[in-house]
Amino acid sequence: MLKYLKEEGPLGPRLPLIFCPGCGSGQVLNYTLYAVDRIIEEDNVRKENFLFISGIGCSGRITSHYMNFDSAWTIHGRALAIATGALLANPAFKIIVFTGDGDNASIGGNHFIHACRRNIDVTILCLNNGLYGMTGGQHAPTTPLGMITTTTPYENREAAFDLCKLAEIAGATYVARWTTAHPRQVIKSIMKGVRKRGTAFIEILSQCPVHEKASPVAILKRFKRDTIPIRRAEGPAEGKTLIGEFCDLDRKEWNESYQEIIDQFLAGSG
Amino acid sequence: MPKKARRNEAANISPGPHFLKPGKYYLQGSEACIEGALMAGCRVYAGYPITPAVETMEYASRRFPQVGGRFIQMEDEIASACALIGSSWGGAKALTATSGPGFSLMQEAISIAVMSETPMVIVDIQRAGPGQGYITASQQDVMQARWGHHGDGPIIALAPASVQEMFDLTIEAFTLSEQWRTPVLVMTEETVAHMREPLVIPPWNEVEVRERKKPQDLGIPPGDYLPWGHNTVAPMANWGEGYNVNFVALVHLEDGNITRYSPQANYHCVERLQKKIEGNADGITRIEAKFLENCKHLIICYGAVSRTAMEAAIEACEEGLEVGYLRLITLWPFPEEKLRRIVGTVDTIFVPEMNLGMMRHPITEALRDQCRKVVSIPSLGILHSPEYILSKVREETS
Amino acid sequence: MNRIKRLSINSSLEAAKPMNRLWIDERYCKGCLICVDVCPTKALKASQEINAKGYILPIGNDMKRCKACGLCELMCPDFAIAIEEDEG
């Protein structure tokens, strides 16, 4: 998948990727490129139509200057607002937004719920590591109760968001949760999300070996052990995290709907 | 597949059946602003309701789809400003209108638009501040226009004084933003936005519509393209054109590389922005001057206040007070060199403003050596009347 | 430009037998060893050396076992590993 990256620029090399050893961000980038590669081939979509937008944080760095696509490394939490703007200019863009749990659900929370409500045509990949990685491991809206982080030295006393539930209630039409230890499922979901006309929200539990102070391999094993696919969960999830596809609906996408308004006037002009 | 938003057509053919035909109209300032934007090729409006910018937004919601554009009411002002950035890089000209509190929220987005050299236009229909202030007119955001966004990096700000100028200067704002690849602010007051006056829409082929220079126009292929290089104003490839452009707002090299940081790279990156605008201030800025020959005193004003200040200058001249009149059409970059050249030596410079004295500072800095004194004439909550300005002039000059 | 550096595969005794080749890009590999863990046939292992960047890179454990399933390439976070299938 290196063909999809800018290894070198005119003024110097851009790789190796800036991520820590074993970081989930690199894996999500790889899975995304696998998915995009298949869509370009199978659906005959032009590479020029893809647009990758990210916010700030480790997830934000994915598009910083690596992608050999049109991309944007934007401000904290605002990737979805910028994506909305891009779609206003050109509804044909296939937009994939990389965001983190803090970027999306904290500062970006407002834009997150409204993007889902409007059902704009984006695929949101939310890399959830349960904290703010780039700034040193502060707690986030997704940090589990009781966890000790750099800003919860006396244990976290706040409940955590269930991002998938939030997305579903806000109106996203495709919602799924996987982990970086489930590559094939992630790729399939990304493909589904891109193909879907509407807001697709895919939460990907992603490891932060540095702040969790564990080896990446250990965290990946934990992802496999402590999650349970919805299809197999009967009754309460026994303390495990549910993974799988939570919803897959069809609802008119924002631009599709607005085009009907424009068409009224274009029809009249003859 | 949905249709693409219609791109701007060449200025010398009719833009379409839903455009106002050339002629005389009676419109509100807010409406004139939108008509100007549409004439300039703007096809995206993303905004958030705030008094007194609501009329602009509501009018836009009706007009934009009529001409094939798109209107969206975003969830807050931050989202509106960010949507403008996305639209601009997506290839469309984009506009929003807000007031003081919303303008404060947009500063981060303006800052990254300055750094990434994104063309876009923001209209600030100023109301009284600080805080929630009040909903009547003021000129209290004029300093924020220049210094409100964090970091270095200049900006262009225009100050319309009439409904006609709301139309003309909005078009000029888009022209400047595309020409210089920068966000442009239209700093108006609630008075000008809400008043109704005759508006003359010129023949379409007399309206100058400028598009951003693209690397395709200059024959630069994707492999050789430097997103922030080539010229003083870099050619701008939009998303979707096969140029694989990475938008960044971090300190960057000309090819968009953001990891080879050095103090030199930092300086070069930011200084470039400064030189691009401030270094071309003479060409960018416009002023209007009257009665300057042999004037003893001078009134320097801008925006709505210039209407009554002009009247005060005329009456002062009739009284034999030899008062000149100078109006800043461009607030930023501040036309320092231009003022120094045009203004001779005068005794007192009067600066009437609907704030406690803001533009009086760069005016003093520029003309300190050419006058004896600069006198600020503030007025909050109400537009200066000609009598009020005149009384201050008489006070000072007697 | 010689972009990819090849690391050791196995002892010369076994070199004659057909097997898939392991390519590790030393410029990009950060020694997270996810590839070693996910390999279903245990064809990879961690080397005994620390390289100039301070990383322990993966090397072949027994490349005859490699089935070219692609899991290591899929799960590498750094685009640093590739398996070249033996044509024979």
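Residues numbered from 1 in each chain as written. Chains lettered and ligands numbered in written order. Predicted model: local features only at pLDDT ≥ 70, side-chain atom pairs only at ≥ 80, totals over all residues.

Enquirer: Explain the overall build of chain B residue by residue, including any values.
Expert: Of regular secondary structure, chain B possesses 14 helices and 15 strands. With respect to the three principal axes, the spread of C-alpha positions in chain B is 70 × 50 × 40 Å. Counting the 398 residues in chain B, one finds 56% classified as buried. In chain B, the proportion of contacts linking residues at least 24 apart, taken out of those at least 6 apart, comes to 78%. (Helix = DSSP H or I, 4+ residues; strand = E, 2+ residues; numbered from the N terminus. Buried ≥ 20, exposed ≤ 12 C-beta atoms within 10 Å, placed from the backbone. Contact = placed C-beta atoms within 7 Å.)

Enquirer: Which residues make up the overall build of chain C, and what values do they have?
Expert: A count of helices and strands for chain C gives 3 helices and 5 strands. Expressed as a percentage of its 88 residues, the buried residues of chain C come to 34%. The long-range share in chain C, meaning contacts at least 24 apart out of those at least 6 apart in sequence, stands at 61%.

Enquirer: Which residues make up the sheet that holds strand 14 (residues 348-353) of chain B, and what are the values?
Expert: All names here are of chain B. Here 5 strands make up an open sheet; going across it, the order is 10-12-11-14-15 and the pairing mixed. The open sheet terminates on both sides in strands that have one partner only, identified here as strand 10 (287-290) and strand 15 (373-378). On average, each strand axis in the sheet is tilted by 20 degrees relative to the strand beside it, whichever way the strands run. Of the pairings in the sheet, the one linking strand 14 to strand 15 comprises 6 bridges and is parallel in character. Within the sheet, the bridge partner assigned to Glu 353 lies in strand 15 and is Pro 378. In the packing of helix 11 (residues 305-318) onto the sheet, the strands contacted are strand 11 (297-301), strand 12 (323-328) and strand 14, and the crossing angle to strand 12 comes to about 165 degrees. Packing against the sheet, helix 14 (residues 386-397) makes contact with strand 11, strand 12, strand 14 and strand 15, and its axis sits at approximately 155 degrees to strand 14. (Pairing = 2+ DSSP bridges. Axes fitted to C-alpha atoms, helices over the stretch in contact; angles between N-to-C directions.)

Enquirer: Explain the nonpolar core to me, using residue names and the numbers behind them.
Expert: The tendency in soluble globular proteins is for nonpolar side chains to be buried as a group. A:Ala83, A:Val97 and A:Leu125 are the most contacted members of the largest nonpolar core, which has 228 residues in total. When we break this core down by domain, the ones giving at least three residues each are domain 1 (23-206) and domain 2 (288-397) of chain B. Once residues lying within four places of it in the same chain are set aside, the contact partners of A:Ala83 are A:Ile53, A:Ile95, A:Val97, A:Ile120, A:Val122 and B:Gly86. (Core = buried A, V, L, I, M, F, W, Y, C linked by C-beta atoms within 7 Å. Domains from an automatic or database assignment.)

Enquirer: Tell me about unusual backbone geometry, residues and numbers included.
Expert: Of the consecutive residues A:Leu15 and A:Pro16, the connecting peptide bond is found in the cis state with omega at 10 degrees. Checked against the element boundaries, A:Pro16 lands in the loop between strand 2 (12-13) and helix 1 (24-42). Here the residue pair B:Thr51 and B:Pro52 is connected by a cis peptide bond, since its omega of 0 degrees sits within 30 degrees of zero. By the secondary structure assignment, B:Pro52 is in the loop between strand 2 (42-47) and helix 2 (54-66). Non-glycine residue B:Asn244 carries a positive phi angle of around 50 degrees.

Enquirer: Any chance you could break down the interface of chain A and chain C for me, citing the residues and the numbers?
Expert: In this complex, chain A contributes 17 residues to the contact, which on the side of chain C involves 14 residues. For the side of chain A that touches chain C, the secondary structure elements donating two or more residues are helix 1 and helix 8 (216-225) of chain A. Each residue belonging to the side of chain A that touches chain C can be placed in one class, and the counts come to 13 nonpolar, 4 polar and no charged. (Nonpolar A, V, L, I, M, F, W, Y, C, P; charged D, E, K, R; others polar.)

Enquirer: Can you tell me about the domain arrangement of chain B, naming the residues and giving the values?
Expert: All names here are of chain B. Assigned domains within chain B: domain 1 (23-206) and domain 2 (288-397). Put simply, the middle of domain 1 and the middle of domain 2, counted by C-alpha atoms, are 26 Å apart. Counting residues at the interface gives 23 residues for domain 1 and 20 residues for domain 2. Mapped onto the side of domain 1 that touches domain 2, the elements with two or more residues apiece are helix 6 (142-147), strand 6 (156-158), strand 7 (183-189) and helix 8 (190-194). Per element, the largest residue contribution to the side of domain 1 that touches domain 2 is 4 residues, and it comes from helix 6. Considering only residue class, the side of domain 1 that touches domain 2 consists of 15 nonpolar, 6 polar and 2 charged.

Enquirer: Can you lay out the sheet that holds strand 5 (residues 94-100) of chain A for me, pointing to particular residues and giving the numbers?
Expert: Strand pairing in a sheet takes place through backbone hydrogen bonds and is either antiparallel or parallel in direction. The strand order across the open sheet built from 9 strands is 11(A)-12(A)-9(A)-10(A)-6(A)-5(A)-3(A)-4(A)-9(B), with neighbouring strands paired in mixed fashion. The sheet is open, and its two edges are formed by strand 11 (227-229) of chain A together with strand 9 (246-247) of chain B, each paired on a single side. Where strand 9 (residues 174-179) of chain A meets strand 12 (residues 241-248) of chain A, 4 bridges bridge the pair, whose relative direction is antiparallel. The residue of strand 12 of chain A that forms the bridge with A:Ala176 is A:Glu245. Packing of helix 5 (residues 163-170) of chain A onto the sheet brings it into contact with strand 6 (122-128), strand 9, strand 10 (200-205) and strand 12 of chain A, and relative to strand 9 of chain A it is tilted by some 170 degrees.

Enquirer: Could you give an account of the interface of chain A and chain B, with specific residues and numbers?
Expert: Between chain A and chain B, the contact holds 45 residues from the first and 51 residues from the second. Secondary-structure elements contributing two or more residues to the side of chain A that touches chain B are strand 4 (70-73), helix 2 (79-89), helix 4 (109-118) and helix 9 (254-268) of chain A. The residue inventory of the side of chain A that touches chain B, partitioned by class, reads 23 nonpolar, 17 polar and 5 charged. Where strand 4 of chain A meets strand 9 of chain B, 2 bridges bridge the pair, whose relative direction is parallel. Note that in strand 9 of chain B the partner of A:Ser71 across the bridge is B:Asn246.

Enquirer: Describe the arrangement of the chains, and please don't skip the residues or the numbers.
Expert: Here 2 pairs of chains make contact, and the pair sharing the most contacts is chains A and B. The smallest C-alpha distance separating chain B from chain C is 15 Å, and no contact links them.

Enquirer: Lay out the pairing of strand 14 of chain B in plain terms, naming residues and giving numbers.
Expert: Residues and elements named next belong to chain B. Within strand 14, 5 of the 6 residues are buried, leaving the element largely enclosed by the surrounding structure. Relative to strand 14, strand 11 runs parallel, the two sharing 3 bridges. Each residue of the ladder has a partner; that of His 297, found in strand 14, is Thr 348.

Enquirer: So what's going on with helix 3 (residues 77-89) of chain B? Which residues, and what values?
Expert: Residues and elements named next belong to chain B. For helix 3, with 13 residues, the first-to-last C-alpha span of 19 Å sits near the 18 Å given by 1.5 Å per residue. Of all 13 residues in helix 3, 13 are buried, a share of seventy percent or more. Gly 91 sits one or two positions beyond helix 3 and adopts a positive phi of about 110 degrees. (Expected span 1.5 Å × (residues − 1).)

Enquirer: Describe the packing of helix 11 of chain B against helix 14 of chain B, and please don't skip the residues or the numbers.
Expert: Residue and element names in this part refer to chain B. Two elements in contact, helix 11 and helix 14, have axes separated by 8 Å at closest approach and are oriented at 50 degrees. In terms of orientation, helix 11 and helix 14 fall into the oblique class. Of the two elements, helix 11 crosses helix 14, and the hand of that crossing is right-handed. Between helix 11, through Thr 308, Ala 309, Glu 311, Ala 312, Glu 315 and Ala 316, and helix 14, the contact on the second element is made entirely by Pro 386, Ile 389, Leu 390 and Val 393. For the contact of helix 11 with helix 14, the per-class residue count stands at 7 nonpolar, 1 polar and 2 charged. (Parallel < 35°, antiparallel > 145°, perpendicular 65-115°, else oblique. Left-handed = near helix turned anticlockwise from the far one by under 90°.)

Enquirer: Give me the environment of C:Pro18: which residues, what numbers.
Expert: Residue and element names in this part refer to chain C. You can see Pro 18 is positioned in the loop between helix 1 (12-15) and strand 2 (21-24). Look at Pro 18 and you get exposed, because 9 C-beta atoms sit within 10 Å. Distance in space between the C-alpha atoms of Pro 18 and Thr 41 is 17 Å, their sequence separation being 23 residues.

Enquirer: Account for helix 11 of chain B, naming residues and giving values.
Expert: Residues and elements named next belong to chain B. Along its 14 residues, helix 11 runs 20 Å from first to last C-alpha, staying within 8% of the 20 Å computed at 1.5 Å per residue. When we look at burial in helix 11, the residues that qualify are Val 305, Ser 306, Thr 308, Ala 309, Met 310, Ala 312, Ala 313 and Ala 316. Summarising the contacts, the buried residues of helix 11 are in contact with strand 11, strand 12, strand 14 and helix 14. Phi turns positive, to about 90 degrees, at Gly 320, one or two residues after helix 11.

Enquirer: Give a description of the packing of helix 1 of chain A against helix 6 (residues 183-195) of chain A that names residues and reports values.
Expert: Helix packing geometry: the angle between the two helix axes and the distance between the axes. Residues and elements named next belong to chain A. Interaxial distance between helix 1 and helix 6 falls to 9 Å at its minimum, and their mutual angle equals 50 degrees. In terms of orientation, helix 1 and helix 6 fall into the oblique class. Considering how the two elements wind past one another, helix 1 and helix 6 form a crossing that is right-handed. Two secondary-structure elements touch here, helix 1 through Tyr 31, Thr 32, Tyr 34, Ala 35, Arg 38 and Ile 39 and helix 6 through Pro 183, Val 186, Ile 187, Ile 190, Met 191 and Val 194. Class assignment for the residues of the contact of helix 1 with helix 6 results in 10 nonpolar, 1 polar and 1 charged.

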